[in-house]
Number of protein chains: 4
Amino acid sequence: MFRSLNMDPEKEDRIIKAATKVFAENGYQRASTNAIVKEAGVSKGILFHYFNSKKELYLTLYEDLSELFAEKIYNQLDSEERDIFEIIRGVSIIKFEMFSMYPDLINFLNSAFQEEAPEVKEGIDQIKGALTDSSFTKLFSNIDATKFREGIDVGKAIQIIYWTFEGFANQQQAKARTISVNELNKEEILAEINSYTELLKKSFYK
Amino acid sequence: MFRSLNMDPEKEDRIIKAATKVFAENGYQRASTNAIVKEAGVSKGILFHYFNSKKELYLTLYEDLSELFAEKIYNQLDSEERDIFEIIRGVSIIKFEMFSMYPDLINFLNSAFQEEAPEVKEGIDQIKGALTDSSFTKLFSNIDATKFREGIDVGKAIQIIYWTFEGFANQQQAKARTISVNELNKEEILAEINSYTELLKKSFYK
Amino acid sequence: MFRSLNMDPEKEDRIIKAATKVFAENGYQRASTNAIVKEAGVSKGILFHYFNSKKELYLTLYEDLSELFAEKIYNQLDSEERDIFEIIRGVSIIKFEMFSMYPDLINFLNSAFQEEAPEVKEGIDQIKGALTDSSFTKLFSNIDATKFREGIDVGKAIQIIYWTFEGFANQQQAKARTISVNELNKEEILAEINSYTELLKKSFYK
Amino acid sequence: MFRSLNMDPEKEDRIIKAATKVFAENGYQRASTNAIVKEAGVSKGILFHYFNSKKELYLTLYEDLSELFAEKIYNQLDSEERDIFEIIRGVSIIKFEMFSMYPDLINFLNSAFQEEAPEVKEGIDQIKGALTDSSFTKLFSNIDATKFREGIDVGKAIQIIYWTFEGFANQQQAKARTISVNELNKEEILAEINSYTELLKKSFYK
DNA sequence: GATGAATGAGTGTTCATTCAT
DNA sequence: CATGAATGAACACTCATTCAT
């Protein structure tokens with residue numbers, strides 16, 4: 001997966017993991033290459049030997065993790081599914097599970113989403129654009145419009161649904177900073193996802 | 001408005017404007033006090049004479065601009081209005097107009113909203129909390145629930161409406177980075193706000 | 001006492017006291033004029049109006065407090081006394097009492113004694129020289145040499161006695177940093193002064 | 001001796017020497033890292049690469065030079081010697097010779113002895129404590145008390161002897177600031193050390 | 001006389017990147 | 001291939017002194 005010249009795969013992995021963690025925790029600017037090499041237990045030189053600059057490291061990471069994430073979604077999601085709520089719930093659950101398993105990955109992706117540093121902003125947007133075109137819109141392009149009530153602008157309805165789940169996810173993440181996730185509130189969260197789903201279905205569906 | 005000891009008001013203004021701009025464009029961390037004093041055309045010393053630290057400058061700015069913004073909202077909004085769509089449309093329009101007049105102010109507030117730098121995060125949250133309690137929730141506390149259809153969870157419906165307009169605003173802002181706002185798309189944007197309003201009303205209201 | 005041009009005596013006093021304290025606690029270099037004016041509750045300008053520079057403030061202070069101290073010694077000491085032990089014991093006790101009443105004064109004088117900052121070092125030495133010549137050596141110039149045993153170099157013996165009490169004072173001061181002085185150890189200290197006196201008398205006197 | 005990771009020993013030496021000199025001449029506070037790197041002819045970065053802060057540089061220096069000094073004393077002193085005058089004369093001579101060879105070292109150690117800067121004071125005391133316990137008191141713990149005259153408090157007598165030589169050393173050092181040491185006064189100084197020794201022996205010994 | 005706003009060189013420290021080994 | 005020593009510009013912040021009011 002990673003475009004290695006001659007990379008020792010174990011060392012590769014250590015750098016990837018360390019960089020993901022450090023970038024996720026600090027954002028692009030605050031993350032120092034020193035912290036990354038220290039966390040990875042490798043030398044300074046090797047980092048710049050493989051990735052030529054901090055920027056390239058970040059963007060490579062972003063691209064690869066985004067792809068990994070998209071693949072996961074693509075593989076685990078029933079591609080025949082045409083009900084938008086089922087699609088979004090599916091995505092939410094996959095995201096939720098990945099967060100339990102690879103919190104750094106999800107945190108990195110989220111922090112990248114709102115990264116402001118000009119050195120990488122453009123690069124992020126380009127990668128995001130490419131990915132969105134190739135896989136993300138696909139997700140929403142096949143929606144079964146016949147389930148919506150007459151007179152409803154389906155495109156806009158989909159946007160509303162999307163923003164709702166996005167807003168909800170942000171809300172949960174904000175909470176998660178103070179309260180640690182455990183089984184108890186996992187149930188609660190899923191229940192609340194269902195409430196929003198029901199409400200939107202009742203409103204938009206026939 | 002600004003707690004100046006005896007600041008020359010013109011110099012005060014230059015510092016405020018410069019800091020707002022530089023912070024808005026770079027976020028807390030990347031923004032350098034050097035860039036601010038250069039932009040403002042003042043000496044290094046004077047900045048620290050009035051604001052004791054970069055952190056204090058940022059937080060003072062945030063507090064004052066938030067208040068200014070909240071006041072504007074408070075003054076221009078009909079406080080008798082109990083229809084949530086009218087409230088949110090009002091807020092959106094005020095925001096929109098302020099962005100045309102003081103783009104740095106709005107950009108600063110938005111960037112503060114998602115600021116990650118630990119030096120100021122807590123401070124931002126505190127100020128936000130104080131403001132939200134005193135004025136923002138007030139906005140939504142008085143909603144006329146009788147307009148909603150039977151069986152609809154009004155609290156959740158309000159959240160959806162809020163997230164929708166928030167998502168829309170973000171979308172517009174993202175576009176605005178590449179395309180400059182002009183009269184033409186102002187009309188379009190307002191039209192689209194209306195479309196979303198109609199759609200949500202049709203779905204949630206009796 | 002202080003060479004005031006037109007100084008408001010009450011303001012004068014506040015500056016003097018504040019400067020003594022701040023210099024005593026921080027030494028010349030670390031003491032900031034800001035801290036002094038803040039402590040004194042006066043404006044920055046007035047400090048530099050009366051004393052033209054930090055250096056002049058320090059040296060003026062040093063000179064005046066030294067004189068004050070020398071005067072106190074001179075007044076309270078029996079000038080007819082020709083026994084060196086009585087003289088030194090007298091000085092020690094006066095110092096000790098002054099420390100209880102004006103700790104900043106004594107602390108300032110002590111810190112000045114070992115001040116390293118080149119801006120003031122020379123000035124201190126000059127003042128010290130002048131004072132020592134005019135009053136301090138006088139103290140020791142009149143010693144009754146006949147009390148010493150035959151064959152003893154009286155000048156050197158006096159030096160030894162002087163260094164002993166100086167060393168003892170430093171030792172006490174070092175202790176005082178951790179333990180606060182109270183009545184109990186005041187007695188102890190005086191007792192120990194007496195022991196050293198006895199020992200030296202037994203050794204040097206006939 | 002110095003805990004260098006992989007320091008080029010010649011560069012190491014330059015930094016050490018420069019820092020010793022600059023600290024000795026200015027004390028902790030006034031000594032600037034700029035002055036040190038300039039004196040050493042190295043880059044700013046490298047100083048902080050090896051020593052993480054000015055404080056650490058100072059304390060490392062202090063510890064190493066103290067040890068070096070203690071070792072020298074330990075090695076050159078006859079450990080069987082139980083006559084306090086011989087011990088102290090030995091120490092004085094070693095100190096004197098070291099001052100001729102490494103004046104900065106001795107000056108640094110002396111200035112550290114009376115360093116007031118709060119950033120390093122505690123650290124100095126800790127190191128001093130550790131050293132004193134391990135080696136210095138050892139020097140005085142084995143004194144032959146039988147040489148002292150009857151009725152003399154040996155502990156106090158030792159203190160007097162110690163303070164005398166300390167006072168003498170300070171006096172010489174103060175002089176040395178204005179007059180440079182040369183062979184001529186080396187002889188004089190040793191002669192004077194002998195006079196004080198004789199006087200104290202005559203007074204305290206049987 | 002009295003104020004405190006204003007200056008700008010100076011401080012300790014950080015950091016991405018390079019390169020001799 | 002791999003190391004980590006080395007660089008130096010940039011950073012936030014301080015401070016004695018001046019001067020318009």
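Keep in mind that what you see is a predicted model, and the values were worked out from it rather than measured.

Residue and element names in this part refer to chain B. With the rule as written, the count across this model stands at 35 salt bridges over all chains. The shortest N-O distance in the salt bridge between lysine 121 and glutamate 116 comes to 2.9 Å. One network of salt bridges, with partners in common, ties together Glu86, Arg89 and Lys201.

A few words now on the protein's contact with DNA strand E. Taken together, the neighbourhood of DNA strand E is formed by 31 residues, with Thr33 of chain A, His49 and Tyr50 of chain B, His49 of chain C together with Lys54 of chain D sitting nearest. For DNA strand E, the backbone portion of the atoms within 4 Å of the protein, that is sugar and phosphate, comes to 62%. Taking lysine 11 of chain B, its side chain carries an N or O atom lying 3.2 Å from a phosphate oxygen of DNA strand E. Looking at the surface near DNA strand E, the element that brings in the most residues is helix α3 (residues 44-50) of chain C, giving 5 residues. Here the residues of the surface near DNA strand E are counted per class, giving 9 nonpolar, 14 polar and 8 charged.

It is worth spelling out the relation of the copies chain B and chain A at this point. For the match of chain B to chain A, the screw axis carries a shift of 0.1 Å, the RMSD comes to 0.4 Å, and the turn is 177°. Taken together, the turn and the small shift mark the pair as related by a two-fold rotation axis. If distances are taken from each C-alpha of chain B to the rotation axis, the shortest is found for serine 203 of chain B, at 2.5 Å. Residue by residue, 94% of the interface of chain B is reproduced at the interface of chain A, so both copies engage with the same surface.

Right, let's talk about the interface of chain B and chain A for a bit. Across the boundary between the two partners, chain B contributes 31 residues, which contact 30 residues of chain A. Both faces combined, the contact of chain B with chain A buries some 2,700 Å², and carbon together with sulfur accounts for 59% of it. When the buried surface of chain B facing chain A is broken down by residue, Arg30, Lys156 and Trp163 of chain B rank first, second and third, together holding 24% of it. Counting across the chain B and chain A interface gives 1 salt bridge. The residue arginine 30 of chain B makes a salt bridge to glutamate 119 of chain A at a minimum N-O spacing of 3.4 Å. Connecting chain B to chain A are 3 residue pairs in polar contact (both at pLDDT 80 or more). Residue assignment for the side of chain B that touches chain A shows that the elements contributing at least two residues are α1 (9-30), α7 (118-141), α8 (154-178) and α9 (183-204) of chain B. With 10 residues, the top contributor of residues to the side of chain B that touches chain A is α8 of chain B.

A separate point is the packing of helix α5 (residues 84-101) of chain A against helix α6 (residues 103-113) of chain A. All names here are of chain A. At a minimum axis separation of 5 Å, α5 and α6 run at an interaxial angle of 120°. The pairing of α5 with α6 is recorded here as oblique in orientation. Seen from α5, the contacting residues are Lys95, Met98, Phe99, Ser100 and Met101; seen from α6, they are Pro103, Leu105, Ile106 and Asn107. Tallied by class, residues from the contact of α5 with α6 come to 6 nonpolar, 2 polar and 1 charged.

Attention now moves to the relation of the copies chain D and chain C. At an RMSD of 0.5 Å, chain D and chain C line up after a rotation of 178° and a shift of 0.1 Å along the axis. In this assembly, 94% of the residues forming the interface of chain D have copies in chain C that are likewise at the interface, indicating an isologous arrangement.

Between chain D and chain C, the residue contacts involve 31 residues of the former and 30 residues of the latter. Between chain D and chain C, the buried area comes to about 2,800 Å², and carbon and sulfur atoms account for 60% of it. For the chain D face of the interface with chain C, the top three residues by lost area are Arg30, Lys156 and Trp163 of chain D, together amounting to 24%. The tally of links between chain D and chain C comes to 3 residue pairs in polar contact (both at pLDDT 80 or more). Counting only elements with at least two residues in the side of chain D that touches chain C, the list comes to α1 (9-30), α7 (118-141), α8 (154-176) and α9 (183-204) of chain D. Among the residues making up the side of chain D that touches chain C, the classes are represented as 11 nonpolar, 10 polar and 10 charged.

Bringing helix α1 (residues 9-30) of chain A into the picture now. All names here are of chain A. Counted at 1.5 Å a residue, the expected span for α1 with its 22 residues is 32 Å, but the 27 Å between its end C-alpha atoms falls short. Along its length, α1 reaches its greatest deviation from straightness, about 80°, at alanine 24. Among the residues of α1, those classed as buried are Glu12, Ile15, Ile16, Ala18, Ala19, Thr20, Val22, Phe23, Ala24, Gly27 and Tyr28.

All names here are of chain B. Mapped onto the fold, aspartate 144 is located in the loop between α7 and α8. Here aspartate 144 is buried and forms no salt bridge, its nearest opposite-charge partner arginine 82 lying at an N-O distance of 4.4 Å. Within polar-contact distance, the side chain of aspartate 144 engages the side chain of threonine 146 at 2.6 Å.

Applying the stated criterion to the full structure yields 36 aromatic pairs over all chains. With a centroid separation of 5.2 Å and an interplanar angle of 85°, the aromatic rings of tyrosine 28 of chain D and tyrosine 58 of chain D are classed as edge-to-face. Placement of the pair is tyrosine 28 of chain D in helix α1 and tyrosine 58 of chain D in helix α4 (residues 54-76), with a sequence separation of 30 residues. The same class applies to tyrosine 28 of chain D and to tyrosine 58 of chain D, which are both buried. Members of the aromatic cluster, each reached through a chain of ring pairs, are Phe23, Tyr28, Tyr58 and Phe108 of chain A. Residue placement shows lysine 156 of chain B over the ring face of tyrosine 196 of chain A; its charged tip is 5.4 Å from the ring centre.

With that settled, consider the environment of asparagine 34 of chain B. Here asparagine 34 of chain B is to be found in helix α2 (residues 33-40). Asparagine 34 of chain B sits 10 residues away from lysine 44 of chain B along the chain, and the two C-alpha atoms are 7.2 Å apart.

Attention now moves to the environment of serine 53 of chain B. Residues and elements named next belong to chain B. You can see serine 53 is positioned in the loop between α3 (44-50) and α4 (54-76). What makes serine 53 partly exposed here is its relative accessible area of 28%. Measuring from C-alpha to C-alpha, the distance between serine 53 and aspartate 64 comes to 16 Å, with 11 residues separating the pair along the chain.

Before going further, it helps to spend a moment on the packing of helix α1 (residues 9-30) of chain C against helix α6 (residues 103-113) of chain C. All names here are of chain C. Axis separation between α1 and α6 bottoms out at 8 Å; the angle between their running directions is 50°. With respect to their mutual orientation, α1 and α6 come out oblique. Crossing angle aside, the handedness with which α1 passes α6 is left-handed. Within the contact between the two elements, α1 uses Thr20, Lys21, Phe23 and Ala24 and α6 uses Asp104, Leu105, Asn107, Phe108 and Ser111. In terms of residue class, the contact of α1 with α6 is made up of 4 nonpolar, 3 polar and 2 charged.

Cut-off values and rules
- Here the residue numbers are simple positions, counted from 1 along each chain's written sequence.
- Numbering of ligands from 1 and lettering of chains from A proceed in the order in which they are written.
- With the structure being a predicted model, the display of local features is reserved for residues of pLDDT at least 70 and the display and counting of side-chain atom pairs for 80 or more, all residues being used for whole-chain, interface and lining totals.
- The basis for every side-chain value is the complete set of heavy atoms in the structure, and neither hydrogens nor water enter the calculation.
- Each salt bridge in this description consists of a side-chain nitrogen of Lys or Arg and a carboxyl oxygen of Asp or Glu lying within 4 Å of one another.
- Note on terminology: near, applied to a residue and a molecule or strand, indicates that one of the residue's heavy atoms is within 4 Å of it.
- In protein, a polar contact means a hydrogen-donor-capable atom and an acceptor-capable atom, both N or O and within 3.5 Å, with residues adjacent in sequence counting only if both atoms are side-chain atoms; elsewhere, any N or O pair within 3.5 Å suffices.
- Runs of H or I in DSSP of at least four residues are treated as helices and runs of E of at least two as strands, each being numbered from the N terminus.
- Residues are sorted three ways: Asp, Glu, Lys and Arg are charged, Ala, Val, Leu, Ile, Met, Phe, Trp, Tyr, Cys and Pro are nonpolar, and all the rest, Gly among them, are polar.
- Least squares is the method for superposing the copies, and the C-alpha atoms it fits come from residues with pLDDT of at least 70 in both.
- Whether two residues are in contact is decided by their heavy atoms: any pair within 4.5 Å suffices.
- A 1.4 Å probe defines the accessible area here, and the buried area is the portion of it lost by two parts on being joined, summed over both.
- Fitted lines through C-alpha atoms serve as axes, helices being fitted only where they are in contact, and the angles separating the N-to-C directions of these axes extend from 0 to 180 degrees.
- Relative orientations are named as follows: roughly parallel for angles under 35 degrees, roughly antiparallel for angles over 145 degrees, roughly perpendicular for angles from 65 to 115 degrees, and oblique for any other angle.
- Helix span, as expected, comes to 1.5 Å for every residue beyond the first.
- Take the seven residues that end at a residue and the seven that start at it, fit an axis to each, and the angle between those axes is the bend at that residue.
- The classification of residues rests on relative accessible area computed with a 1.4 Å probe and restricted to protein chains. Under 20% of the type maximum is buried, over 50% is exposed, and intermediate values are partly exposed.
- Charge convention: Lys and Arg are scored as positive, Asp and Glu as negative, and His as well as the terminal groups of each chain are ignored.
- The rule is short: rings of Phe, Tyr and Trp, with Trp giving its six-membered ring, pair when the centres are within 6.5 Å, and they are stacked under 30 degrees, edge-to-face over 60, tilted in between.
- For a Lys NZ or an Arg CZ to count as sitting over a ring, it must be within 6 Å of the ring centre and within 35 degrees of the ring normal.
- Take the far helix as the reference: if the near one is turned anticlockwise from it by less than a right angle, the crossing is left-handed, and if turned clockwise, right-handed.

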